[in-house]
Amino acid sequence: NWAVVTPGGSGTISIVDLGQPASQGTGERIPDVVATLTLTTSIRGVAINTQTNQALLTDPNNSNLAVFNVLDDSVGAISYDQAEVAAAVNPLTNQGVVLNNLGNVASVFDLQTNALLGTVAVGDDPEAIAIDPTTNTAVVANKGGNSVSIFSLGPIRTFEMTELSPRVTLSSQN
């Protein structure tokens, strides 16, 4: 239960943990600000991967995507195009998708390596994106033309054990 608070035009972003236990006697949940980041005033898209504790941030006026690590407050950058307006993350695959409203494309990134995996054409003036993590499907709301674009981000990789090392034999002695 996390929230991203971006007071309009302030240039700060606060990551808030909403799942803190209730304070004694009040029965209310007390939100906890776990990180605060000062960036430009034009940040528009924020997506959090709750598995890696990283936030992907888009700024339409900057040619870098910011990757903010909530655990140590470090900020990394992925060099890319300008005009990215929205972001979404699939925590199961650690893939991030950002929307470019000038090029009408969605760009898919591997957030482990920060590598661009590919781009997908979407409708006119994409404005918002969401990912269904269980099906690895992205849904894009396109402001121009009042349309929706839906595309698959690929199969969800299944994990399989290829080797057990060291080989262990358990025995019982009576």
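Relevant structure appears above.
Residues numbered from 1 in each chain as written. Predicted model: local features only at pLDDT ≥ 70, side-chain atom pairs only at ≥ 80, totals over all residues. Heavy atoms only, no water.

Here we come to the sheet that holds strand 3 (residues 32-38). Strand order in the open sheet formed by three strands is 1-2-3, with antiparallel pairing between adjacent strands. Bordering the open sheet on either side are strand 1 (2-5) and strand 3, each of which pairs with just one other strand. Averaged over all neighbouring strand pairs, the angle between strand axes comes to 20°, with direction disregarded. Relative to strand 3, strand 2 (residues 12-17) is paired through six bridges, and the arrangement is antiparallel. Bridge pairing in strand 3 links I13 to L37. (Pairing = 2+ DSSP bridges. Helix = DSSP H or I, 4+ residues; strand = E, 2+ residues; numbered from the N terminus. Axes fitted to C-alpha atoms, helices over the stretch in contact; angles between N-to-C directions.)

What follows concerns the pairing of strand 11 (residues 115-121). With six bridges joining them, strand 10 (residues 105-110) and strand 11 adopt antiparallel strand pairing. Directly across from S107, in strand 11, lies its bridge partner T119. The turn linking strand 10 back onto strand 11 is made up of four residues, and N114 within it adopts a positive phi angle of 65°.

Buried residues dominate strand 5 (residues 54-58), accounting for four of its five residues. Sheet topology note: the strand 4 (residues 45-49)/strand 5 ladder contains five bridges and is antiparallel. Looking across to strand 5, one finds that G45 is bridged to T58. In this structure, the hairpin formed by strand 4 and strand 5 is closed by a connection of four residues, where N53 is found at a positive phi of approximately 60°. In this structure, strand 5 lies alongside strand 6 (residues 64-69), joined through four bridges in antiparallel fashion. (Buried < 20%, exposed > 50% of the residue type's maximum accessible area, 1.4 Å probe, protein only.)

The next point concerns the packing of aromatic side chains. For any pair of aromatic rings, the description rests on two quantities: the centre-to-centre distance and the angle between the ring planes. Per the counting criterion, the structure on display carries one aromatic pair. Ring centres of Y80 and F109 lie 5.2 Å apart, and the angle between their planes is 85°; this geometry places the pair in the edge-to-face category. Pair noted here: Y80 is in the loop between strand 7 (74-79) and strand 8 (84-90) and F109 is in strand 10, with a separation of 29 residues, a long-range link. (Phe/Tyr/Trp six-rings, centres within 6.5 Å; stacked < 30°, edge-to-face > 60°.)

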